Amino acid sequence: MRIRRPSHRNAHTFLVHVFGRGLDGERYVVERFRSRPDGQIHPVEAEQPKGNKGRRKQRRTVVSASKVKKMKPERDEIIICTALNLKASGVQIWGLGASGISAMRYAR
């Protein structure tokens, strides 16, 4: 008699790296990146609308700590959340594909 294992088709696996004091702050700047199959990492533009077209101002997304805790990356996405009021504190959230955990080790 065989015991059937449950399949986890909808399982979400990601790597979380906490640096500095972690999520002790109130507000966080969110930066998103995409990893490509060739190993290159490219930034994803912020979701906020453009302000003044004449200036080259960097757009950024600021969210609360509760929203940072709920964030989940896509398979090839890296999310970096840095605290506004704490020096060098925050969290990095890596998708499974971006972290390289599932990469084949013996690929030629």
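Our subject in this report is the structure included herewith. (Residues numbered from 1 in each chain as written. Predicted model: local features only at pLDDT ≥ 70, side-chain atom pairs only at ≥ 80, totals over all residues. Heavy atoms only, no water.)

Take the environment of Leu 23 next. If you trace the backbone, Leu 23 turns up in the loop between β1 (14-19) and β2 (27-35). When residues no more than four places from it in sequence are discounted, the contact partners of Leu 23 are Tyr 28, Val 68, Lys 69 and Val 91. (Helix = DSSP H or I, 4+ residues; strand = E, 2+ residues; numbered from the N terminus. Contact = heavy atoms within 4.5 Å.)

With that settled, the discussion passes to the nonpolar core. Among the nonpolar cores identified, the biggest contains twelve residues, and these are Tyr 28, Val 30, Val 63, Ala 65, Val 68, Met 71, Ile 79, Cys 81, Ala 83, Leu 86, Val 91 and Ile 93. Elements with a contribution of two residues or more to this core: β2, α1 (65-70), β5 (77-83) and β6 (90-95). Top element by residues in this core is β5. It accounts for three residues. Once you skip the residues sitting within four places of it in the chain, Val 68 turns out to touch Leu 23, Tyr 28, Val 63, Cys 81, Val 91 and Ile 93. (Core = buried A, V, L, I, M, F, W, Y, C linked by side-chain atoms within 4.5 Å. Buried < 20%, exposed > 50% of the residue type's maximum accessible area, 1.4 Å probe, protein only.)

On to a nonpolar patch on the surface. A surface patch of nonpolar side chains, about 240 Å² in accessible area, is lined by Phe 14, Val 16 and Val 18. Locating Val 18 in the fold gives a position in strand β1. (Patch = residues over 30% accessible without salt bridge, like charges linked within 9 Å, V, L, I, M, F, W, Y side chains within 5 Å. Areas by Shrake-Rupley, 256 points an atom, 1.4 Å probe, with all protein chains shown as cover. Salt bridge = Lys/Arg side-chain N within 4 Å of Asp/Glu carboxyl O.)

Turning our eyes to something else, we now look at the pairing of strand β3 (residues 41-44). In this sheet, β3 lies alongside β2 in antiparallel orientation, the contact comprising four bridges. Bridging from a neighbouring strand, Ser 35 pairs with Ile 41 of β3. Hairpin remark: β2 followed by β3, antiparallel, with five residues in the connecting loop; positive phi at Gly 39, about 95°. (Pairing = 2+ DSSP bridges.)

We now examine the pattern of salt bridges. Inspection of the entire model under this criterion finds four salt bridges. Linking Glu 74 and Arg 34 is a salt bridge whose minimum nitrogen-to-oxygen distance equals 3.1 Å. With Glu 74 in the loop between α1 and β5 and Arg 34 in strand β2, this pair connects stretches of sequence that are 40 residues apart. Residue Arg 34 pairs with Asp 76 through a salt bridge whose shortest N-O separation is 3.0 Å. With Arg 34 in strand β2 and Asp 76 in the loop between α1 and β5, this pair connects stretches of sequence that are 42 residues apart. Given the relative accessible area of 26%, Arg 34 is considered partly exposed. For Asp 76, a relative accessible area of 29% translates into the label partly exposed. Each of the salt bridges in this network shares a partner with another, and the network as a whole consists of Arg 34, Glu 74 and Asp 76.

In short, the description is geometric, and any link to function would need to be established separately.
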